[in-house]
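The residues making up each chain are set out below.
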Amino acid sequence: MRLLERMRKEWFMIGIVLAIAGAKLEPSIGVNGGPLKPEITVSYIAVATIFFNSGLSLKTEELTSALVHIKLHLFIQIFTLAFFPATIWLFLQLLSITPINEWLLKGLQTVGCMPPPVSSAVILTKAVGGNEAAAIFNSAFGSFLGIVITPLLLLLFLGSSSSVPFTSIFSQLFMTVVVPLIIGQIVRRYIKDWLERKKPPFGAISSSVLLMIIYTTFCDTFSNPNIDLDKFSLILILFIIFSIQLSFMLLTFLFSTRNNSGFTPADTVAIIFCSTHKSLTLGIPMLKIVFAGHEHLSLISVPLLIYHPVQILLGSVLVPTIKSWMVSRQKILSSSEHHVVLSYRE
């Protein structure tokens, strides 16, 4: 199963490259008004498909056991949806005086506003042996919160550069995100046994639809002769994203392992991944809605497209190290508890 998941992620990365290359070669197919009609097929049908698929695949019954860890959930959600975007905003005040492309910097801010992903944080937490139930709950709950909070954060930090009014943005989000998600959950109740037996390829379906969204987004870019992306800015953004991820992973580790934090080593693993990972599946469709018609939409999307593979790569590389730390820490705690019990008996 892990091998299949790894292969799917690798093919998805290749798919992103091919989608961008295809948009560069023939942008006229995916532009607004083109043969694909992305103003309908992407803005409504594709986005709704992704979230119906999420609703259908989300095992809500697995989340109930994690509900009692209120402190853990508060830490992850506040870090992800408040501390993260606010810190990025402060950091960007310094970067604004550099020659880095301003739309890539705006894209970095959008990364900070995104909720946690439903898949990668859970998969990595499970690979380490951390608190998987907490990771599942916070990834799912964060996605639900993101439906409301992420657009608000985007409008707060960046403003909507399109002609779409505030009420229209949320009505479209409600119809293409919330409603399909709820319908998916309702349908799941009736066909749960069939889903458990057949195990449909939910990940492959969402990935395929997401590649279509990425393709049409870049078609708009490459059809616009006024957009020019310099390699210097791109390399710097890549370096900054690596630095941000490592810094925030270290920060969450230090916070969650300090004395009297109340978190177990397994909780810390879930915190590290859930607090620092960002959702591409939710993010790209939301950017498409909030910045509909914006000529620099694809440049704004670039940091999120980079952040996604970087978080998987970094997480995968760090799995053995984090697992080794967790196991040794659990042994120390177990040994300490054993000594306390013996002392009490004596």
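This section reports on the structure supplied with the text. Every chain is numbered on its own, with residues counted from 1 as its sequence reads. Local features in this predicted model are restricted to residues of pLDDT 70 or higher, and side-chain atom pairs are both shown and tallied only at a pLDDT of 80 or more, whereas totals for entire chains, interfaces and linings draw on every residue. Hydrogen atoms and water are omitted, and side-chain values are computed over all heavy atoms in the structure.

Moving on, we get to the overall build of the protein. Tallying secondary structure elements over the protein gives 12 helices and 0 strands in all. Numbering of helices and strands runs from the N terminus, with a helix taken as a DSSP run of H or I at least four residues long and a strand as a DSSP run of E at least two residues long. Counted from the first residue to the last, the protein has its helices and strands arranged as α-α-α-α-α-α-α-α-α-α-α-α. Whether a residue is buried, partly exposed or exposed follows from its accessible area with a 1.4 Å probe, protein chains only, as a fraction of its type maximum: under 20%, in between, or over 50%, in that order. For the protein, the residues scored as buried account for 47% of the 346 residues in total. Of the contacts formed within the protein by residues at least 6 apart in sequence, a portion of 84% connects residues at least 24 apart. The method behind every accessible area is Shrake-Rupley, applied with a 1.4 Å probe, and residues are considered shielded solely by the protein chains displayed. Carbon and sulfur atoms form 68% of the exposed surface of the protein, whose accessible area is close to 17000 Å². In what follows, residue pairs with any heavy atoms lying within 4.5 Å of each other are defined as contacts.

This part takes up the environment of Ser-43. Residue placement: Ser-43 occurs in helix H2 (residues 38-57). When the C-alpha positions of Ser-43 and Ala-292 are compared, they lie 8.7 Å apart, and in sequence the two are 249 residues distant.

Moving on: the nonpolar core. Ranked by size, the top nonpolar core spans 58 residues in total, and within it Leu-108, Ile-213 and Ile-237 carry the most contacts. When residues in this core are grouped by element, the largest group, 10 residues, is from helix H12 (residues 297-345). Counting 22 residues, the second-largest nonpolar core is a separate cluster that includes Val-269, Ala-270, Ile-322 and Met-326. In these notes, a set of buried Ala, Val, Leu, Ile, Met, Phe, Trp, Tyr and Cys residues joined through side-chain atoms within 4.5 Å is what counts as a nonpolar core.

Next up on the list: the pattern of salt bridges. A side-chain nitrogen of Lys or Arg and a carboxyl oxygen of Asp or Glu constitute a salt bridge if their distance falls within 4 Å. Within the structure shown, the criterion is met by 1 salt bridge. Between Arg-188 and Glu-196 there is a salt bridge, with its nearest N and O atoms 3.3 Å apart.

Our focus in this paragraph is a nonpolar patch on the surface. Residues Trp-11, Ile-14 and Leu-18 make up a contiguous nonpolar surface patch of about 360 Å² in total accessible area. Within the secondary structure, Ile-14 is located in helix H1 (residues 2-25). Every patch collects residues that have over 30% relative accessible area and no salt bridge, joining them within 9 Å if they carry like charges and within 5 Å if they are nonpolar side chains (Val, Leu, Ile, Met, Phe, Trp, Tyr).

A few words now on the side chain of Gln-311. Along the chain, Gln-311 turns up in helix H12. With near-sequence residues (within four places) excluded, Gln-311 lies in contact with Pro-117, Ser-120, Leu-124, Gln-245, Thr-276, His-277 and Lys-278.

Take Leu-81: it is sitting in helix H3 (residues 70-95). In the structure, Leu-81 is positioned 64 residues away from Leu-145 in sequence and 8.9 Å away in space, judged by C-alpha atoms. Not counting chain neighbours up to four residues away, the residues in contact with Leu-81 comprise Cys-113, Met-114, Pro-115, Leu-145, Ile-149, Thr-150 and Leu-153.

A few words on helix H6 (residues 132-157). Every helix has an expected span of 1.5 Å times one less than the residues it contains. In this model H6 runs just 32 Å from its N-terminal to its C-terminal C-alpha over 26 residues, more than 12% under the 38 Å that 1.5 Å per residue would give. The largest bend along H6 reaches roughly 50 degrees and is located at Gly-146. Throughout, the bend at a residue refers to the angle made by two axes, fitted to the seven residues ending there and to the seven starting there.

Right, let's talk about the side chain of Asn-138 for a bit. Relative to the helices and strands, Asn-138 resides in helix H6. Residue classification places Asn-138 among the buried positions, given a relative accessible area of 0%. As used in this structure description, the phrase polar contact means that two N or O atoms lie within 3.5 Å; if the pair is within protein, one of them must be able to donate a hydrogen and the other to accept it, and residues adjacent in sequence are counted only when both atoms belong to side chains. Within the structure, Asn-138 has its side chain in polar contact with the side chain of His-73 (distance 3.0 Å). Apart from residues no more than four positions distant in its own chain, Asn-138 is found in contact with His-73, Ile-76, Gln-77, Pro-116 and Cys-274.

With that out of the way, let us pick up helix H5 (residues 120-128). Of the positions making up H5, those classed as buried are Ser-120, Ala-121, Val-122, Leu-124, Thr-125 and Val-128. Downstream of H5 by a residue or two, Gly-129 has a phi angle that is positive, lying close to 100 degrees.

Another aspect to go through is the packing of H2 against helix H11 (residues 280-290). Working note: a packed helix pair is described by the angle between its axes plus the distance between those axes. Think of each axis as a best-fit line through the C-alpha atoms, taken over the contacting stretch in the case of a helix, with angles from 0 to 180 degrees between the N-to-C directions. The geometry of H2 relative to H11 is characterised by a closest axis approach of 11 Å and an angle of 160 degrees between their N-to-C directions. On the basis of the axis angle, H2 is roughly antiparallel to H11. Where H2 crosses over H11, the two elements pack in a sense that is left-handed. Taken together, the residues of H11 that come into contact with H2 (itself represented by Val-42, Val-47, Ile-50 and Phe-51) are Thr-281, Leu-282, Pro-285 and Lys-288. For classification, angles of less than 35 degrees are called roughly parallel, those exceeding 145 degrees roughly antiparallel, those between 65 and 115 degrees roughly perpendicular, and all remaining angles oblique. Less than a right angle of anticlockwise turn of the near helix away from the far helix marks a crossing as left-handed, whereas a clockwise turn marks it as right-handed.

Glancing now at the packing of aromatic side chains. Only centres within 6.5 Å qualify two rings of Phe, Tyr or Trp (six-membered ring in Trp) as a pair; their planes then separate them into stacked at under 30 degrees, edge-to-face at over 60, and tilted for everything else. Evaluated as defined, the whole model comprises 9 aromatic pairs. Ring centres of Phe-75 and Phe-255 lie 6.3 Å apart, and the angle between their planes is 70 degrees; this geometry places the pair in the edge-to-face category. Taken as a pair, Phe-75 in helix H3 and Phe-255 in helix H9 (residues 231-257) lie far apart in primary sequence, 180 residues in all. Since its relative accessible area comes to 18%, Phe-75 is described here as buried. When the centroid spacing of 5.7 Å and the interplanar angle of 70 degrees are considered together, the rings of Phe-75 and Phe-263 count as edge-to-face. Of the two residues, Phe-75 sits in helix H3 while Phe-263 sits in the loop between H9 and helix H10 (265-276), which places them 188 residues apart along the sequence.

Relative to each other, helix H4 (residues 102-113) and H9 sit at 20 degrees, their axes nearing to 10 Å. If you check the angle between H4 and H9, you find them roughly parallel. For the pair H4 and H9, the sense of crossing is right-handed. From H4, Leu-104, Leu-105 and Leu-108 reach across to H9, where they touch Ser-233, Leu-234, Ile-237, Ile-240, Ile-241 and Ile-244.

With that settled, the discussion passes to unusual backbone geometry. The phi torsion at Lys-37 lies on the positive side, around 50 degrees, for a residue other than glycine. Relative to the assigned elements, Lys-37 resides in the loop between H1 and H2. By relative accessible area, which is 39% here, Lys-37 ends up partly exposed. A positive phi angle, close to 50 degrees, is found at Lys-199, a residue other than glycine. Tracing the chain through its elements places Lys-199 in the loop between helix H7 (166-198) and helix H8 (202-222).

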